[in-house]
Amino acid sequence: MTGTVDVLLIGGGIMSATLGTFLQQLQPDWKIAVFERLGEVAEESSNAWNNAGTGHAALCELNYMPAGPDGSVDPAKAIAINEQFQQSRQFWTTLVERGVLDEPKTFINATPHMTFVRGEKDVAYLKKRYEALRTQPLFEGIEYSEDSRVINQWAPLLMQKRRKGEPFAATRVPSGTDVDFGALTRQLIDKLKENGADVVTGREVKNLRRQKDGTWQVSYRDAIGRTPGRVNARFVFIGAGGWAIKLLQRSGIPEIKGYGVFPIGGQWLKTSDPAIVAQHKAKVYSQASVGAPPMSVPHLDTRVVDGESSLLFGPFATFSPKFLKTGRWTDIVSQVRFSNIGSMLKVGATNLDLVKYLVSELVKTHAKKVESLQAFMPTANGDDWELLDAGQRAQVMKGGKLQFGTEVVSGADGTIAGLLGASPGASTAVSIMLGVLKSCFPDRIAGWEPALTELIPSYGTTLNPDAATAEESTRRTAAALGINA
Ligand SMILES: Cc1cc2nc3c(=O)[nH]c(=O)nc-3n(C[C@H](O)[C@H](O)[C@H](O)COP(=O)(O)OP(=O)(O)OC[C@H]3O[C@@H](n4cnc5c(N)ncnc54)[C@H](O)[C@@H]3O)c2cc1C
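Residues numbered from 1 in each chain as written. Predicted model: local features only at pLDDT ≥ 70, side-chain atom pairs only at ≥ 80, totals over all residues. Heavy atoms only, no water.

J.: Help me get a handle on the overall build of the chain, residues and values and all.
T.: Counting its secondary structure elements, the chain contains 15 helices and 20 strands. A compact globule built from 485 residues would reach a C-alpha radius of gyration of about 23 Å, and the chain, at 22 Å, matches this within 12%. For the chain, the C-alpha atoms occupy an extent of roughly 70 × 50 × 45 Å along the three principal directions. When the 485 residues of the chain are sorted by exposure, 58% land in the buried category. Taking all contacts inside the chain whose residues are at least 6 apart in sequence as the whole, residues at least 24 apart take part in 74%. Accessible surface, the chain: about 20,100 Å² in total, of which carbon and sulfur atoms supply 52%. (Helix = DSSP H or I, 4+ residues; strand = E, 2+ residues; numbered from the N terminus. Rg over C-alpha atoms; globule rule 2.2 N^0.38 Å. Buried < 20%, exposed > 50% of the residue type's maximum accessible area, 1.4 Å probe, protein only. Contact = heavy atoms within 4.5 Å. Areas by Shrake-Rupley, 256 points an atom, 1.4 Å probe, with all protein chains shown as cover.)

J.: Just give me the short version of helix α3 (residues 120-133), but keep the residues and values in it.
T.: Its 14 residues give α3 an end-to-end C-alpha distance of 20 Å, which sits within 8% of 20 Å, the value for a rise of 1.5 Å per residue. Among all positions of α3, only Asp122, Val123, Tyr125, Leu126, Arg129, Tyr130, Ala132 and Leu133 are buried. Contact partners of the buried residues in α3: α2 (76-97), β4 (113-118), β5 (143-145) and β6 (168-173). (Expected span 1.5 Å × (residues − 1).)

J.: Break down the packing of α2 against helix α15 (residues 467-481) for me, citing the residues and quoting the values.
T.: Running from N to C, α2 and α15 cross one another at 45 degrees; their axes reach a closest spacing of 9 Å. Here α2 lies oblique to α15, going by the angle between them. Of the two elements, α2 crosses α15, and the hand of that crossing is left-handed. Residues Gln86, Arg89, Gln90, Trp92, Thr93, Val96 and Glu97 of α2 form the contact with α15, whose own contacting residues are Ser473, Thr474, Arg476, Thr477, Ala478, Ala480 and Leu481. Of the residues that constitute the contact of α2 with α15, the class distribution is five nonpolar, six polar and three charged. (Axes fitted to C-alpha atoms, helices over the stretch in contact; angles between N-to-C directions. Parallel < 35°, antiparallel > 145°, perpendicular 65-115°, else oblique. Left-handed = near helix turned anticlockwise from the far one by under 90°. Nonpolar A, V, L, I, M, F, W, Y, C, P; charged D, E, K, R; others polar.)

J.: Give me unusual backbone geometry: which residues, what numbers.
T.: Residue Pro315 is bonded to the preceding Gly314 through a cis peptide linkage, with omega at 0 degrees. Assignment of secondary structure puts Pro315 in strand β15 (residues 308-318). Although it is not a glycine, Ala58 sits at a positive phi angle of roughly 60 degrees. Tracing the sequence through the fold places Ala58 in the loop between β2 (32-36) and α2. In this structure, Asp306 takes a positive phi of about 55 degrees despite not being glycine. Relative to the elements of secondary structure, Asp306 occurs in the loop between β14 (299-305) and β15.

J.: Talk me through helix α10 (residues 341-350); I want residue IDs and the actual numbers.
T.: Inspection of α10 places Ser343, Met344 and Val347 among the buried residues, and these make up the whole buried set. Down the axis of α10, the buried set is contained in an arc of 100 degrees. They therefore lie on one face. Those residues of α10 that are exposed and aimed more than 90 degrees away from the buried face are Leu345 and Ala349. Residues of α10 that are buried make contact with β12 (260-271), β17 (393-398) and β18 (401-403). (Arc of directions from axis to C-beta.)

J.: So, the pattern of salt bridges: which residues are in play, and what are the values?
T.: Should their charged atoms come close, side chains of opposite charge can pair. Counted under the stated rule, the structure contains 22 salt bridges. A salt bridge links Arg134 to Glu131, with the nearest nitrogen and oxygen atoms 2.9 Å apart. For Lys191, the salt bridge is made with Glu194, and the minimal N-O distance between the two is 3.2 Å. Placement of the pair is Lys191 and Glu194 together in helix α6 (residues 181-194), with a separation of three residues, close to one helical turn. One continuous salt-bridge network, built from bridges that share partners, spans Arg37, Glu204, Lys206 and Arg328. (Salt bridge = Lys/Arg side-chain N within 4 Å of Asp/Glu carboxyl O.)

J.: Requested: an account of the site of the ligand, with residues and values cited.
T.: Near the ligand lie 39 residues; those nearest to it are Glu36, Ser46, Thr54, Val205 and Ser427. In the model, an oxygen atom of the ligand is placed 3.2 Å from a nitrogen or oxygen of the Ser45 main chain. Taking Val205, its main chain carries an N or O atom lying 2.9 Å from a nitrogen atom of the ligand. Relative to its unbound accessible area of 1,000 Å², the ligand is 97% covered by the protein chains. The set of elements that each furnish at least two residues to the shell around the ligand consists of α1 (14-26), β2 and β9 (203-210). Among the residues forming the shell around the ligand, the class breakdown is 17 nonpolar, 16 polar and six charged. (Near = heavy atom within 4 Å. Polar contact = N/O pair within 3.5 Å; in protein donor to acceptor, adjacent residues only side chain to side chain.)

In structure tokens, the structure reads:
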């Protein structure tokens, strides 16, 4: 490929796919290219088996609403995450209506979201959390119970052969979802291609250099024949997952100075045994262990991938210096710069709980992993469960702190942006990419507003403050996406 493209998306994951779709809908006249280093798109974190497929809406994940030092709970962050997921639902609904996305059940399925906790302290906390959320319109329908018979109806595997004595409690939101972000990514990228985008797989971007005319000269190498090449782009989005840091550093933009990433891998226990799978239809989250990063909270999940249901339990944290599952052993050291080494050393020195947690996870045998599962499912038998490697998360390190969210780093002139970090992740790709549109295309965003409002009817507003608006949006998107509780 030679010449100049309007938009170059580096990486074929959910983030590039979402941004590309926005831009193709907003500016159908723009020339868009997608370069993916692997043989297929959606093979890294966005692949269904590399993530948990939770449609994160803060319905069940306790880390979005931790108890304060005085035991109080604040629903603000949970509401904000839910609002972001509603934008995703609205966007996907419009794309289904426009024929960009296929039959919704190929990528999203209704799966109740539950939280299950044990012990007096966590039971009291869960009750408080429930009380704070039950009056919020976006959490309409949340239920709470300490009754084993009720919880048994919601998720029998949690209750079978559970020892009496210890207090437990659960919440349930019937309108939760399981999302196959791999299928979603493939469908979006197929449509980009069908509508004229140049999608090239087996092409690894190596370098980016700013040109005098303001464009970016992007050098790459093709897997076949190791052929090098270059293309010029007016706007570059680095949706390279764990490798985004490397390319942002190579671009030389000052905004990336001081950042580093810390990779945390994961593993799941998986069963496809129809007799077990038939007894569980929910995503059940619990409380994190001491030192565990928020995204390592254990959960027992129904997954629907390619029309087949299975159960996943995990994640169990692993460590590898690679920033991508298919990354390089040198990844962790290749990011070291004068500007970030101090911050990285400080992270190492101040996160001893995390180090201890990682070590304890690394030494867990299959039997120990099954023991963790038995805290959720007392009848679990290790022979029914196989171990599966999940994707790598490259967590952001900045200012001596380890962060667990995502962060868009963009150049001051808006010609380049890249995404670091992993959580809440794919579920909030729509909201994150709206942020990229705003920060990188400040002169165009006002003109795009009518089209954005057609794509996302609540664009520029929030749903939760008005119960009727929230109800209308959730009902409409649930019906269109086939995820009625
Ligand atoms: C264990 C785990 C569980 C998770 N669970 C959830 C969940 O339940 N719900 C949720 O919403 N999110 C979840 N996430 C987060 C979610 O998976 C990610 O946020 C999301 O998939 C990231 O998408 P992406 O497009 O940025 O990256 P990726 O999907 O990783 O895509 C990046 C792509 O860039 C390509 N690439 C890299 N470098 C180059 C280069 N130099 N040239 C060309 N191509 C390149 C890669 O090959 C890859 O295809 C989870 C993540 C993990 C790891």
